[in-house]
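Chains, contacts and geometry: an overview
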Amino acid sequence: MFDIHNPTTDHHDMRDLTIIGGGPTGIFAAFQCGMNNISCRIVESMAQLGGQLAALYPEKHIYDVAGFPEVPAIDLVESLWKQAERYNPDVVLGETVTKYTKLDDGTFETRTDAGNVYRSKALLIAAGLGAFEPRKLPQLGNIDHLVGSSVFYAVRSVSDFKDKHVVIVGGGDSALDWTVGLMKTAASVTLVHRGHEFQGHGKTAHEVEMAREAGTIAVHLETEVRRIEESSGELCRLYLRSSSGEESCLDADRLLILIGFKSNLGPLAGWDLELCDNALVVDTHMKTSVDGLYAAGDIAHYPGKLKIIQTGLSEATMAVRHSLSYIKPGEKIRNVFSSVKMAKEKKAAEANNAAEGASKASENKAE
Ligand SMILES: Cc1cc2nc3c(=O)[nH]c(=O)nc-3n(C[C@H](O)[C@H](O)[C@H](O)COP(=O)(O)OP(=O)(O)OC[C@H]3O[C@@H](n4cnc5c(N)ncnc54)[C@H](O)[C@@H]3O)c2cc1C
């Protein structure tokens, strides 16, 4: 995944707009904020940007986004981010917005499951199908107390797996990628998949197969993790069962569960906003039933709505543009063309550079 350069040190400063959701709609909304000279912050529940494209179909190719005859989903996310990045939007990853409050002065507070509160003049919900959360293994019961120490649903830092005996569960792209990705760092890697073949990308599946043949990793197909054993609050052993009923156990100190995501409208559904078909009803300005609160992308509903990427990008543009009248009341809202704005900015930067160069030259001359 590409790096996110996030220059903001204090997330708690007031922003013009808080964008809930970092899917294609949310990322493009951040670009539009820059275009319209307002500040923003994206809050995303996943550890990465990209929404459904990153979580559900990163390797699939997309053919119906204007200007891209064919593009892998994850590359489209990266391009969207590159476009937004020029305005350095503030990005908060791994936090789910659980509550919003509209204050008496008309500004908004959004509260996340991490206990953080983010303040902004207006709010844009670009939450798609809802917050993505990792699928769990119900047969293991409640293992939340081990999450982040010996059980993981995503790799945040490879160092968590350094010199450890790692068991990876899953057969899709993420499981295969990390089987290959952790081979050199971990003491051992064992891949456990309940299917009889991998669903992941052919090239990586081939690499996994080669590593298995070379004895670098172990692979158990048609097998499930049935139970885990702990010692002093740490994972120490896993019990496996194959589809033919064969039982085995292996010592392990890290369990990485990569079996996909499920989305959950969760707290959004109880937010006292008008809903239709599990989406927020908006008017022609992308405004919800609350002044200053806008919605765009898959989460927004109006008659004739199409839930596709291109619609979300257009709605993000409209929502940000119309939010200006709430964020800057009384100010004349002008239509902004990127071709004109960027040309002006380029010209101003060139004039600035020339002026700086001239002043340096005259300083040198004086010396
Ligand atoms: C398999 C598949 C293939 C597809 N193929 C195409 C295609 O070829 N062309 C096309 O145009 N469309 C396609 N789509 C549809 C397209 O992916 C969606 O229309 C698009 O992702 C919507 O973007 P979004 O940003 O509105 O929502 P999403 O992509 O769903 O992103 C929303 C983000 O908000 C986050 N979020 C939600 N709630 C919260 C919260 N409370 N706090 C913090 N974060 C939150 C979520 O974690 C998520 O990352 C496809 C969809 C699927 C499932």
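Keep in mind that what you see is a predicted model, and the values were worked out from it rather than measured. (Residues numbered from 1 in each chain as written. Predicted model: local features only at pLDDT ≥ 70, side-chain atom pairs only at ≥ 80, totals over all residues. Heavy atoms only, no water.)

As far as domains go, the protein holds domain 1 (15–132 + 262–342) and domain 2 (136–259). Put simply, the middle of domain 1 and the middle of domain 2, counted by C-alpha atoms, are 35 Å apart. (Domains from an automatic or database assignment.)

If you check UniProt for "binding site: FAD" (unreviewed entry), the listed places come out as Thr25, Glu44, Gln52, Tyr57, Val97, Phe132, Asp298 and Ser339 in our numbering. An extended arrangement is adopted by the annotated residues: their sequence extent is 315 residues, and the largest C-alpha distance between any two is 35.7 Å. Mapped onto the elements of the fold, Thr25 is located in helix α1 (residues 24–35). On the accessibility criterion, Thr25 (9% relative accessible area) is buried. The contact partners of Thr25, leaving out residues within four places of it in the chain, are Ala126, Ala296, Gly297, Gly312 and Ala316. As for its placement among the helices and strands, Gln52 is situated in helix α2 (residues 51–55). Among residues more than four places away in sequence, those in contact with Gln52 are Tyr57, Leu129, Phe132 and Asp298. (UniProt positions renumbered as here; feature names shortened; annotations may be inferred. Helix = DSSP H or I, 4+ residues; strand = E, 2+ residues; numbered from the N terminus. Buried < 20%, exposed > 50% of the residue type's maximum accessible area, 1.4 Å probe, protein only. Contact = heavy atoms within 4.5 Å.)

Glancing now at the sheet that holds strand β19 (residues 275–276). A sheet is described by the order of its strands in space; here three strands give the open sequence β19-β20-β22, paired in mixed fashion. The sheet is open, and its two borders are formed by β19 and β22 (300–301), each paired with just one other strand. Where β19 and strand β20 (residues 279–281) come together, two bridges link them in antiparallel fashion. Within the sheet, the bridge partner assigned to Leu275 lies in β20 and is Leu280. (Pairing = 2+ DSSP bridges.)

This part covers a negative patch on the surface. A cluster of acidic residues, Glu59, Asp75, Glu78 and Asp177, forms a negative patch at the surface. Along the chain, Asp75 turns up in helix α3 (residues 73–85). (Patch = residues over 30% accessible without salt bridge, like charges linked within 9 Å, V, L, I, M, F, W, Y side chains within 5 Å. Areas by Shrake-Rupley, 256 points an atom, 1.4 Å probe, with all protein chains shown as cover. Salt bridge = Lys/Arg side-chain N within 4 Å of Asp/Glu carboxyl O. Lys, Arg positive; Asp, Glu negative; His and termini not counted. Charge placed at Lys NZ, Arg CZ, Asp CG, Glu CD.)

This next bit is on the nonpolar core. Among the nonpolar cores identified, the biggest contains 59 residues, and Leu17, Ile19, Leu124 and Ile125 are the most heavily contacted of them. In terms of nonpolar packing, the next biggest core, distinct from the first, is built from 19 residues, Val155, Phe161, Phe198 and Val219 among them. (Core = buried A, V, L, I, M, F, W, Y, C linked by side-chain atoms within 4.5 Å.)

Okay, the packing of aromatic side chains next. In total, this model carries seven aromatic pairs according to the counting rule given. Ring geometry for Phe31 versus Tyr87: centroids 5.9 Å apart, planes at 45 degrees, classification tilted. Of the two residues, Phe31 sits in helix α1 while Tyr87 sits in the loop between α3 and β5 (90–93), which places them 56 residues apart along the sequence. Judged by relative accessible area, Phe31 falls into the buried class, the value being 7%. Grouping aromatic residues by their ring pairs yields a cluster made of Tyr100, Phe108, Trp271 and Tyr326. Between Arg86 and the ring centre of Tyr87, over which it is positioned, the NZ or CZ distance is 5.9 Å. (Phe/Tyr/Trp six-rings, centres within 6.5 Å; stacked < 30°, edge-to-face > 60°. Lys NZ or Arg CZ within 6 Å of the ring centre and 35° of its normal.)

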